[in-house]
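Spelled out from the first residue to the last, the chains are:
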Amino acid sequence: MTEDATGIAVRQWGELAPSAVLLDGFHALKHALRFGAEVGPVVTSDRDGVLELAGRLAPDVSGALSALMVEVDRAVLRSLVPRGHTTEVAGLAVRPARRTNLGVLAARPRRAPVVVLDNPRNLGNVGAVVRLAAGFGVTGVVTTGDLDPWHQNAVRAGAGLHFATAVERVFSEAVPEGPMFALDADGDDIRSVALPDDAVLVFGSERHGVSEELRGRADRVVSLPMRAGVSSFNLATSVGMALFHWGGPA
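None of the values given here were measured: they were computed from a predicted structure.

Reading guide: rules and limits
Counting starts from 1 at the beginning of each chain's written sequence and moves along it residue by residue. pLDDT decides what is reported in this predicted model: residues at 70 or higher carry local features, side-chain atom pairs at 80 or more are listed and counted, and totals for whole chains, interfaces and linings draw on all residues regardless. Here the side-chain values reflect all heavy atoms present in the structure, with hydrogen atoms and water set aside. Secondary structure is summarised from DSSP: a helix means a run of H or I of at least four residues, a strand means a run of E of at least two, and numbering begins at the N terminus for each. We compute the radius of gyration from the C-alpha atoms alone; for a globule the expected value is 2.2 Å times N to the 0.38, where N is the number of residues. Partly exposed residues are those whose accessible area sits between 20% and 50% of the maximum for their type, while under 20% is buried and over 50% is exposed, using a 1.4 Å probe and protein chains only. Throughout, a residue-residue contact means that at least one pair of heavy atoms, one from each residue, lies within 4.5 Å. We get accessible surface area from the Shrake-Rupley algorithm with a probe of 1.4 Å; when it comes to residues, only the shown protein chains can shield them. For the charge count, each Lys or Arg is scored as positive and each Asp or Glu as negative, with His and the chain ends excluded. Here the site of a charge means NZ on Lys, CZ on Arg, CG on Asp, or CD on Glu. Between 30 and 60 degrees the pair is tilted, below 30 it is stacked and above 60 it is edge-to-face, where a pair is any two Phe, Tyr or Trp rings, Trp via its six-membered ring, whose centres lie within 6.5 Å. Side-chain atoms within 4.5 Å are what join buried Ala, Val, Leu, Ile, Met, Phe, Trp, Tyr and Cys residues into a set we call a nonpolar core. The pairing criterion is simple: DSSP has to find at least two bridges between the two strands. Where helices are involved, their axes are fitted lines through C-alpha atoms of the stretch in contact, as for all axes, and angles between N-to-C directions lie from 0 to 180°. Any angle that is under 35 degrees is reported as roughly parallel, and any over 145 degrees as roughly antiparallel; angles of 65 to 115 degrees are reported as roughly perpendicular and all others as oblique. Less than a right angle of anticlockwise turn of the near helix away from the far helix marks a crossing as left-handed, whereas a clockwise turn marks it as right-handed. Note on residue categories: nonpolar means Ala, Val, Leu, Ile, Met, Phe, Trp, Tyr, Cys or Pro, charged means Asp, Glu, Lys or Arg, and polar means any other residue, Gly included.

Moving on: the overall build of the chain. For the chain, the count of helices and strands is 10 helices and 10 strands. In terms of C-alpha radius of gyration, the chain reaches 20 Å, essentially the compact-globule figure of 18 Å for 250 residues. Within the chain, the fraction of its 250 residues that count as buried is 47%. Considering only contacts in the chain between residues 6 or more positions apart, those separated by 24 or more positions represent 80%. With an accessible surface of roughly 12300 Å², the chain has 51% of that area assigned to carbon and sulfur atoms. Positive and negative side-chain charges of the chain, numbering 24 and 28 respectively, have mean locations separated by a distance of 2 Å.

Take the packing of aromatic side chains next. One pass over the full model with this rule turns up one aromatic pair. Seen from their ring centres, tryptophan 150 and phenylalanine 163 are 5.3 Å apart, and the 80° between their planes marks the pair as edge-to-face. Residue tryptophan 150 is located in the loop between strand 6 (140–143) and helix 8 (152–157), and its partner phenylalanine 163 is located in the loop between helix 8 and strand 7 (166–169); the two are separated by 13 residues in the primary sequence. A residue is classified by how much of its surface remains accessible, and tryptophan 150, at 6% relative accessible area, is buried.

To continue, consider the nonpolar core. By size, the foremost hydrophobic cluster in this structure holds 51 residues, and its most contacted members are Leu23, Val39, Leu65, Leu117 and Phe203. Among the elements that make up this core, the one with the highest residue count is helix 10 (residues 235–247) (six residues). Residue contacts for valine 39: discarding those within four places in its chain leaves Leu23, Leu29, Ala32, Leu33, Leu68, Leu92 and Ala93. Counting 15 residues, the second-largest nonpolar core is a separate cluster that includes Met180, Ala182, Val200 and Val221.

With that settled, consider the sheet that holds strand 1 (residues 21–24). Spatial ordering of the open sheet is given by 1-4-2-3, a layout of four strands whose pairing is mixed. Strand pairing shows two members of the sheet lacking a second neighbour, strand 1 and strand 3 (69–71), which therefore form its edges. Strand after strand, the sheet turns through a mean of 20° between neighbouring axes, direction not considered. In terms of strand pairing, strand 1 meets strand 4 (residues 89–93) through four bridges, oriented antiparallel. Following the sheet pairing, leucine 23 is matched in strand 4 by glycine 91.

Next up on the list: unusual backbone geometry. Cis geometry is found at the peptide bond from glycine 40 to proline 41, where omega equals 0°. Relative to the helices and strands, proline 41 resides in strand 2 (residues 39–44). That bond from arginine 108 to proline 109 is cis: its omega, -5°, falls within 30 degrees of zero. Inspection of the secondary structure assignment puts proline 109 in the loop between helix 6 (98–106) and strand 5 (114–118). Located in the positive-phi region is glutamate 88, a residue other than glycine, with phi close to 60°. As for its position among the elements, glutamate 88 is in the loop between helix 5 (74–80) and strand 4.

Their axes nearest at 11 Å, the elements helix 2 (residues 26–34) and helix 3 (residues 47–57) cross at an angle of 55°. As summarised for this structure, helix 2 and helix 3 are arranged oblique, according to the angle between their axes. For helix 2 against helix 3, the interelement crossing comes out right-handed. Along its contact with helix 2, which presents Phe26, His27 and Arg34, the element helix 3 presents Val50, Leu53, Ala54 and Leu57. Residue composition of the contact of helix 2 with helix 3, by class: five nonpolar, one polar and one charged.

This part takes up the environment of alanine 58. With respect to the secondary-structure elements, alanine 58 resides in the loop between helix 3 and helix 4 (62–68). When its relative accessible area of 0% is taken as the criterion, alanine 58 is described as buried. Expressed as a C-alpha distance, the spacing of alanine 58 and arginine 34, which sit 24 residues apart in the sequence, is 9.0 Å. Once residues lying within four places of it in the same chain are set aside, the contact partners of alanine 58 are Phe26, Lys30, Arg34 and Leu53.

Moving on to the pairing of strand 8 (residues 180–189). Where strand 8 meets strand 9 (residues 200–204), three bridges bridge the pair, whose relative direction is parallel. The residue bridging methionine 180 from the neighbouring strand is valine 200, located in strand 9. Relative to strand 10 (residues 220–223), strand 8 runs parallel, the two sharing five bridges. In the strand pairing of strand 10, leucine 183 is matched with valine 222.

So, in structure tokens, the structure goes:
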């Protein structure tokens, strides 16, 4: 018996899912395709709805998405992605080679900073930072600690923009070289400091801050302006403020 398109897509999904990146929802797929990810298979329970959405929001990827999508029953889609996105579409993509990403992060001179998240504790925050980094065109996002920045929850929060910048987890001692600025409430006001294009910007978690190891390696400790009595900003907010200071109007 010849295997139909649904059967092929489900079989391929099962074979590839353990090592692939889950692209959950239209926006994650859109960005992955736009920034050159190797995508497939893609399954949807509403092909016409997804193509209508692509026609309005991302006509540049409509053709590629149409060629990749296989329509399946909603029950089949939920068996593959139990907590699927409301856009009723999901896909798998090949994770970029670690060696390639590390090469991008290490290359000098750099035209844009590297953002370091020192032992982050929330995957949603990691994804939000990746989304910011992609928007500002930074060289990449590096994490230390035990969270995988390519976890599906981080990729979903990042709307698939992991493919638009270099994202990797490293040991603290392997953080990329460059002028290092650690963000801490006790530092100099960041508004008085010019951040160079090849800066390495280190952000700690809201609770613990930057580790002593990375703080000790920093060329300078800087702080964000904040009202007295407020203990901290959300991690992604802090990154966004620092990147705006780097890339904003002179």
